[in-house]
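Analysis of the macromolecular model
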Amino acid sequence: MFWYVKMELVLVSGYHNGAKALSSLYLSTSIMNTIVAISLFLLPVFCLLARRIRSSKRVPPGSLGFPVIGQSLGLLRAMKANTAEKWLDERVQKYGPISKLSLFGKPTVFIYGQAANKFLFTSDGSVLTSKQPQSLKMILGDRCLLEMNDEDHKRVRDTLVSFLKPDSLKRYVGKMDEEVRIHLETYWKDEQIIKVLPLMKTLTFDIICSLLFGLERGARRDQMLHPTRTSSSLLSIRGENKQELMSENEIIHNVMLIMVAGYATSSILITFMVRLLAKNPNIHAAVLEEQEEIAQNKSPGESLTWEDLGNMKYTWRVAMETMRMFPPIFGGFRQTVKDIEYGGYLIPKGWQIFLVTAKTHMDSSIFQELEKFDPARFENTASLPPYNFVPFGGGARICPGYEFAKVETLVTIHYLVTHITWKLCCTDDFFSRDPTPVPTQGLPIQIIPRKPL
Ligand code: HEM
């Protein structure tokens, strides 16, 4: 702008002062031209620099730490020591609710809270993609749901979810009932001391093998550990016109995902319910009362039905309160597709977002008396403000195994409370995160049979 005004002044003075002024005008014009050329060249550079300076000012506070390592070891150590909440609270105190750090080799922004949950669950693939840390990707494969987005994600998810819908689940109840009984008869007998977590992992693994992959007890189940030899029912999935709905890689990678996502989470939920019921005799008594009422209407050996599960409302509240206090999954990762603004900060394209979804479960402005194990909180779930209680995530990626997990948990707790009692044998009350919560020594308990199965 400046060069243009100056040239106009020179032109006006040249009109009044003759030839001398005219030559001066030519000189000024050529200088002006040079300035214009330089300015045109520098302007974009200047704009770029200005943008960079502005952007870097708006990236959230915090430090990216050492290259590659960043804060990964600090977080992993805190999780092992069961001090992850404290570790995160210290970050919040130091940097505020949104801060940058580096996790698993990537620049990351840590966010939490109801608004953060809503943002993550409602953002589509044009803003955030699902990308897991490299280590998880190597285990599960790059064609599993957690690595897929938009149309691809929808296609594969719709196919998988058909196996997990209530219509399919209604047919599973009898089979689940059988798996649970055989498991309890085999491992939970006499007055012995057993470890709950490894046994629950065996049970939930067996249930998935049998119900989702059609693998009955015996050597064939071991094949699931070698996915390339899998002959699961998922492999035979076809569309209405017999066309293939998923590629072979997609089937293999999602079989792996369902195995891991399905058995590692439900086993934790049931293990922590066993722990909390032992510590809260009144709640154990109320669960027993509900389950005995159902058991009394059954003839010996008759299995539970879908309708019976609908009558286990109190027991499911106990499960929800267990997941509030000890969520099997306490957070997740996404990646930005473009520069985005969140909470007044800029999160650059390609950065990781680390959202600790379950931090709202331990927010005293949402749940009173946080440390109290109180299933009554869930008597009226409609009164809970949205995006605060999110053990199964939310939005397009909400856990498709939610109903499946509910059925296996209710069936297992039914047979546990009606057939045995137990007391904790742990010498401490400790658990670490790996990344799911893991009680000391797998939670040893002394079992006392009540009545035979
Ligand atoms: C108590 C039990 C369970 C809990 C607490 C749980 C929790 C979750 C959460 C929080 C997510 C969302 C992760 C994210 O947004 O990044 C998720 C996803 C998933 N869960 Fe579960 N889950 C459980 C049981 C199961 C079971 C039994 C299955 C299968 C039989 C299963 C299969 C999956 C799959 C396939 C996904 C990925 C969905 C997608 O990306 O679209 N889960 N689960």
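Up top you'll find the structure we're talking about.
Presented here is an overview of the structure given in this document. (Residues numbered from 1 in each chain as written. Predicted model: local features only at pLDDT ≥ 70, side-chain atom pairs only at ≥ 80, totals over all residues. Heavy atoms only, no water.)

Notes on the overall build of the protein
Applied cut-off: Here a helix means four or more residues in a row that DSSP labels H or I, a strand means two or more in a row labelled E, and each is numbered from the N terminus. Summary of the burial criterion: residues with accessible area below 20% of their type's maximum are buried, those above 50% are exposed, and those between are partly exposed, where the area comes from a 1.4 Å probe applied to protein chains only. By definition in these notes, contact holds between two residues if any of their heavy atoms fall within 4.5 Å. Only the protein chains shown count as cover for residues, and all accessible areas are computed by the Shrake-Rupley method using a 1.4 Å probe.
Of regular secondary structure, the protein possesses 13 helices and 12 strands. Counting only residues that meet the buried cut, the protein has 47% of its 453 residues in that class. Considering only contacts in the protein between residues 6 or more positions apart, those separated by 24 or more positions represent 72%. Total accessible area computed for the protein in this model is approximately 23,200 Å², and 58% of it derives from carbon and sulfur atoms.

Considerations on the site of the ligand
Inclusion rule: Throughout, the term near means that a residue has one or more heavy atoms lying within 4 Å of the molecule or strand in question. Polar contacts here mean pairs of N or O atoms no more than 3.5 Å apart (in protein, one a potential hydrogen donor and the other a potential acceptor; neighbouring residues in sequence count only if both atoms are side-chain atoms).
The environment of the ligand is made up of 26 residues, and the closest members are His153, Arg157, Thr265, Arg334 and Cys399. Contact distances for the ligand include 2.8 Å between an oxygen atom and a side-chain N or O atom of Arg157. Here Arg334 contributes a side-chain N or O atom positioned 3.1 Å from an oxygen atom of the ligand. If you list the elements that add at least two residues to the shell around the ligand, you get helix H6 (150-161), helix H9 (248-279) and helix H13 (402-419). The dominant element in the shell around the ligand, judged by the number of residues it contributes, is H9, at 7 residues.

Details of the sheet that holds strand S3 (residues 128-129)
Rules: Pairing between strands requires that DSSP locate at least two bridges from one strand to the other. Axis definition: a line fitted to C-alpha atoms, over the contacting stretch in the case of helices. Angles run 0 to 180 degrees between N-to-C directions.
Taken together, 5 strands build an open sheet; the order of strands is S1-S2-S8-S5-S3 and the sheet is mixed. Edge positions in the sheet fall to strand S1 (99-103) and S3, since each has one partner strand and no second. Summarising the sheet, strand S5 (residues 332-336) and strand S8 (residues 352-355) pair through 4 bridges and their orientation is antiparallel. When the bridges of S8 are listed, Gly332 appears paired with Leu355. Seen against the sheet, helix H3 (residues 84-95) touches S1, strand S2 (106-111) and S8 and runs at an angle of roughly 135° to S1. Most of the contacts of helix H4 (residues 114-122) go to S8, to which it runs at about 130°, and overall it touches S2, S3, S5 and S8.

Focus: the packing of helix H7 (residues 166-187) against helix H8 (residues 196-213)
Packed helix pairs are specified by the crossing angle of their axes together with the interaxial distance, meaning the distance between the axes. Put simply, the rule reads: The hand of a helix crossing depends on one turn: near helix anticlockwise from the far one by less than a right angle means left-handed, and clockwise means right-handed. Under the grouping applied here, Gly and all other residues not named as nonpolar or charged are polar, the nonpolar ones being Ala, Val, Leu, Ile, Met, Phe, Trp, Tyr, Cys and Pro and the charged ones Asp, Glu, Lys and Arg.
Where H7 meets H8, the closest approach of the two axes is 10 Å, and the angle between their N-to-C directions is 145°. Crossing angle aside, the handedness with which H7 passes H8 is right-handed. The segment H7 lies against H8, with Tyr172, Lys175, Met176, Glu179, Val180, His183 and Tyr187 engaging Leu199, Thr202, Leu203, Asp206, Ile207, Ser210, Leu211 and Leu212. A class-by-class count of the residues in the contact of H7 with H8 yields 9 nonpolar, 3 polar and 3 charged.

Topic: the nonpolar core
Note the threshold: To define a nonpolar core, start from buried Ala, Val, Leu, Ile, Met, Phe, Trp, Tyr and Cys residues and group those joined through side-chain atoms within 4.5 Å.
Trp188, Phe404, Leu416, Trp422 and Ile445 are the most contacted members of the largest nonpolar core, which totals 79 residues. Per-element accounting of this core gives the leading share, 13 residues, to H9. In this view, Trp188 contacts His183, Ile194, Val196, Leu199, Met200, Leu416, Ile420, Ile445 and Ile447; residues no more than four positions away in its chain are not counted. By size, the runner-up hydrophobic cluster in this structure holds 18 residues, among which are Val59, Ile98, Leu128 and Leu355.

What to know about the pairing of S2
Where S1 and S2 come together, 5 bridges link them in antiparallel fashion. When the bridges of S2 are listed, Ser99 appears paired with Phe110. Linking S1 back to S2 in an antiparallel pair, the connection comprises 2 residues, with Phe104 at a positive phi of about 50°. Alignment of S2 against S8, held across 4 bridges, turns out to be parallel.

Structural notes on the coordination of the iron atom of the ligand
Note the following rule: Distances up to 2.8 Å from the metal define which N, O and S atoms are donors, and 3.2 Å serves for Na, K and Ca; water is absent from the atom set, so sites may look incomplete.
Looking at the iron atom of the ligand, one finds just one donor atom contributed by the protein, Cys399 (SG), at 2.3 Å. Mapped onto the fold, Cys399 is located in the loop between S8 and H13.

Looking at the state of the cysteines
We count it as follows: The disulfide criterion is simple: two cysteine sulfur atoms within 2.5 Å.
Evaluated as defined, the whole model comprises 0 disulfides. Looking at the unpaired Cys425, the closest cysteine sulfur is the one in Cys426, lying at 7.1 Å.

Quick word on the pairing of S5
Within S5, 4 of the 5 residues are buried, which leaves it mostly tucked inside the rest of the structure. Pairing of S3 with S5, which is carried by 2 bridges, proceeds in the antiparallel orientation. Paired with Leu128 across the bridge in S5 is Thr336.

Focus on the packing of aromatic side chains
Basically, it comes down to this: Aromatic contacts are taken between Phe, Tyr and Trp rings whose centres are within 6.5 Å, Trp giving its six-membered ring; a plane angle under 30 degrees counts as stacked, one over 60 as edge-to-face, and the others as tilted. Over a ring means this: the NZ of a Lys or the CZ of an Arg is within 6 Å of the ring centre and within 35 degrees of the ring normal.
Within this structure, the stated rule accounts for 15 aromatic pairs. Ring plane angle 45° and centroid distance 6.4 Å describe the contact between Phe367 and Phe378, whose orientation is recorded as tilted. Here the residue Phe367 occupies a position in the loop between S8 and H13, and Phe378 occupies one in the loop between S8 and H13, the gap between them amounting to 11 residues. The two residues Phe367 and Phe378 agree in class, both being buried. Taken together, the aromatic side chains of Phe104, Phe110, Tyr112, Phe333 and Phe354 make up a single cluster linked through ring pairs. Here the guanidinium or amino end of Arg275 rests over the ring plane of Phe326, the centre of that ring lying 5.3 Å away. If you follow Arg324 out to its NZ or CZ, it ends over the ring of Phe367, 5.5 Å from the centre.

A short note on the pattern of salt bridges
Cut-off, in case you're wondering: Salt-bridge detection follows one rule: a side-chain nitrogen of Lys or Arg within 4 Å of a carboxyl oxygen of Asp or Glu.
Scanning the entire structure with this criterion turns up 17 salt bridges. Arg143 serves as the salt-bridge partner of Glu250, at 2.7 Å between the closest nitrogen and oxygen. One end of the pair, Glu250, is in helix H9; the other, Arg143, is in the loop between helix H5 (134-140) and H6, with 107 residues separating them in the sequence. Look at Glu250 and you get buried, because its relative accessible area is 4%. The residue Lys175 makes a salt bridge to Glu178 at a minimum N-O spacing of 3.8 Å. Here Glu178 and Lys175 lie together in helix H7, a separation of 3 residues that amounts to about one turn.

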